[in-house]
Amino acid sequence: MNLATFLNSKKYDNEIKEILIAIQIGSIDLYNKLNQQESDLFGSLGQKNIQNEDVQKLDLIANDIFINNFKKTDCIHSVLSEEEKEVRILNNSGSHLIAMDPLDGSSNIDVNIPVGSIFSVLMNNEEGFLQKGSSQRLACYVIYGTAAMLVFAIDNEAYGFSLNIKTSQYILTHPNIQTPKTGSIFSINEGNLNSLTKSVVNYVKFCKELNSNGKRTHTGRFIGSLVADFHRNMLKGGIFIYSKTNDKPEGQLRLIYECNPIAFIAKATNSLSSNLKEEILDVKPEHIHQRTPFVVGSSEMVQKILSLQISERT
Ligand code: AHG
Ligand code: MN
Ligand code: MN
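Residues numbered from 1 in each chain as written. Chains lettered and ligands numbered in written order. Predicted model: local features only at pLDDT ≥ 70, side-chain atom pairs only at ≥ 80, totals over all residues. Heavy atoms only, no water.

Caption draft 1: The arrangement of the coordination of the manganese ion (ligand 2) in detail. The protein atoms that coordinate the manganese ion (ligand 2) are Asp101 (OD), Asp104 (OD) and Glu258 (OE), at distances of 1.8 to 2.2 Å. Taken in chain order, the donor set of the manganese ion (ligand 2) reads D-x2-D-x153-E. Between the manganese ion (ligand 2) and the manganese ion (ligand 3), a spacing of 3.8 Å is present, and a bridge between the two is formed by Asp101. One end of the pair, Asp101, is in strand E5 (residues 96-104); the other, Glu258, is in helix H6 (residues 255-268), and 157 residues separate them in sequence. For Glu258, a relative accessible area of 2% corresponds to the buried category. (Donors = N, O, S within 2.8 Å, 3.2 Å for Na, K, Ca; no water. Helix = DSSP H or I, 4+ residues; strand = E, 2+ residues; numbered from the N terminus. Buried < 20%, exposed > 50% of the residue type's maximum accessible area, 1.4 Å probe, protein only.)

Dropping the structure here:
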């Protein structure tokens with residue numbers, strides 16, 4: 001079943017359908033650009049974004065692609081993007097807000113490693129984008145990997161669609177995604193190990209323990225594209241950790257357009273997420289580009305790291 005037929009079979013509002021179709025069109029356009037390998041599309045622009053990070057040409061191309069597709073709907077009031085300092089108003093009478101990371105993992109583009117796009121959809125209300133993640137109506141990501149996949153969660157259910165490049169259609173391949181309660185994968189940038197809190201270091205040590213037969217109990221995997229790391233762990237079972245470090249005392253990932261949508265999808269697959277103090281979806285954002293420590297994954301693995309956190313405090 002393709003995405004349009006699937007959406008027509010569901011009682012979602014027209015706005016939700018319109019937004020998912022806009023993401024579908026934009027993501028296929030972006031996937032084609034990523035695959036063109038035209039050298040003038042790749043590389044750094046030599047400028048920094050609001051987060052003081054190197055802007056890749058494709059970061060801005062991705063941003064423009066999605067904004068242009070969102071402009072064609074009439075239900076989107078405004079867009080918050082990682083690539084734009086201020087919120088951009090599209091339609092004063094729009095009922096929905098979209099926060100997005102148009103290209104996630106962009107430092108991986110030049111080396112042919114999967115990247116993604118992430119979207120959080122909220123109702124437009126007086127809180128604007130500073131709503132808790134639990135208020136999201138819809139969260140979606142697209143992974144541009146060996147295949148392109150569009151994954152979204154709504155009404156506490158998560159679905160995955162794979163792109164058929166011959167017909168340019170997303171086909172439902174993963175109905176009702178469920179993450180195993182536990183898994184063997186831990187995903188953390190170990191370059192940060194010496195500046196992590198004791199409990200996080202202890203969790204990594206726990207993952208490296210051998211069993212009674214001297215065999216490893218876990219396997220380490222870190223791609224450096226949140227979407228790709230999360231997607232693998234979601235399907236196979238595992239935990240992703242990006243807690244605070246000396247370099248990034250607030251954490252590295254952005255609450256509103258990276259962690260919230262991923263946490264919302266995780267919840268629909270029965271996973272847990274936390275900032276190591278409270279559930280990510282319960283955090284009230286204070287500013288639009290806020291960063292946060294982030295742990296997400298199989299419920300028993302997240303509970304384990306939280307229990308070490310508690311024992312560190314007591
Ligand atoms: P972005 O490309 O949107 O800036 O996101 C990069 C993020 C995330 O995808 C990844 O998990 C993390 O940054 C990697 O950070 P390190 O290079 O510090 O490991
Ligand atoms: Mn990102
Ligand atoms: Mn990005």
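Past the structure itself, the notes keep going.
Caption draft 2: Inspection of the side chain of Asn108 at higher detail. Along the chain, Asn108 turns up in the loop between E5 and strand E6 (115-123). Discounting chain neighbours no more than four positions away, the residues touching Asn108 are Ile113, Pro114, Val115, Ile223, Gly224 and Ser225. (Contact = heavy atoms within 4.5 Å.)

Caption draft 3: Structural view of the pattern of salt bridges. Summed over all chains, the structure comprises 8 salt bridges. Notably, a salt bridge pairs Arg232 with Asp229, separated by 3.0 Å at the nearest N-O pair. One end of the pair is Arg232 and the other is Asp229, both in helix H5 (residues 226-236) and 3 residues apart, which spans about a single turn. The same class applies to Arg232 and to Asp229, which are both buried. (Salt bridge = Lys/Arg side-chain N within 4 Å of Asp/Glu carboxyl O.)

Caption draft 4: Region of interest: the domain arrangement of the protein chain. Per the domain assignment, the segments of the protein chain are domain 1 (3-174) and domain 2 (185-313). Distance between the C-alpha centres of domain 1 and domain 2: 23 Å. Buried surface at the junction of domain 1 and domain 2, summed over both partners, amounts to about 3,000 Å²; 63% is from carbon and sulfur atoms. In terms of surface lost to domain 2, no three residues of domain 1 exceed Ile118, Leu130 and Tyr141, which account for 20% of the buried area on that side. In this structure, Lys284 engages Glu127 in a salt bridge whose closest nitrogen and oxygen atoms are separated by 2.9 Å. Viewed at the interface, domain 2 and domain 1 are joined by 14 residue pairs in polar contact (both at pLDDT 80 or more). Classifying every residue of the side of domain 1 that touches domain 2 by side-chain character gives 23 nonpolar, 13 polar and 10 charged. (Domains from an automatic or database assignment. Buried area = accessible area lost by both parts, 1.4 Å probe. Polar contact = N/O pair within 3.5 Å; in protein donor to acceptor, adjacent residues only side chain to side chain. Nonpolar A, V, L, I, M, F, W, Y, C, P; charged D, E, K, R; others polar.)

Caption draft 5: Quick peek at the coordination of the manganese ion (ligand 3). For the manganese ion (ligand 3), the full set of protein donor atoms is Glu82 (OE), Asp101 (OD) and Leu103 (O), at a range of 2.0 to 2.2 Å. We note that the donor set of the manganese ion (ligand 3) lies within a single chain, spaced as E-x18-D-x1-L.

Caption draft 6: Just the site of ligand 1, in detail. Residues in contact with ligand 1 amount to 18 residues; listed here are only the nearest, Asp104, Gly105, Asn189, Tyr242 and Gln252. At 2.8 Å, a side-chain N or O of Gln252 approaches an oxygen atom of ligand 1. Relative to its unbound accessible surface of 470 Å², ligand 1 loses 82% to contact with the protein. Among the secondary structure elements, those contributing two or more residues to the shell around ligand 1 are E5, strand E13 (238-242) and strand E14 (253-254). Of the residues forming the shell around ligand 1, the biggest block, 3 residues, is contributed by E5. Residue composition of the shell around ligand 1, grouped by class: 6 nonpolar, 6 polar and 6 charged. (Near = heavy atom within 4 Å. Areas by Shrake-Rupley, 256 points an atom, 1.4 Å probe, with all protein chains shown as cover.)

Caption draft 7: Main features of H5. Within H5, 9 of the 11 residues are buried, which leaves it mostly tucked inside the rest of the structure. Every buried residue belonging to H5 is among Leu226, Val227, Ala228, Asp229, Phe230, His231, Arg232, Asn233 and Met234, and all of these are buried.

Caption draft 8: Structural detail: the environment of Gly116. Within the fold, Gly116 resides in strand E6. Residue Gly116 is classed as buried on the basis of its relative accessible area, which comes to 0%. Gly116 sits 78 residues away from Asn194 along the chain, and the two C-alpha atoms are 29 Å apart. If sequence neighbours within four positions are ignored, Gly116 has contacts with Asp101, Pro102, Leu103, Asp104, Val142, Ile143, Tyr144 and Val227.

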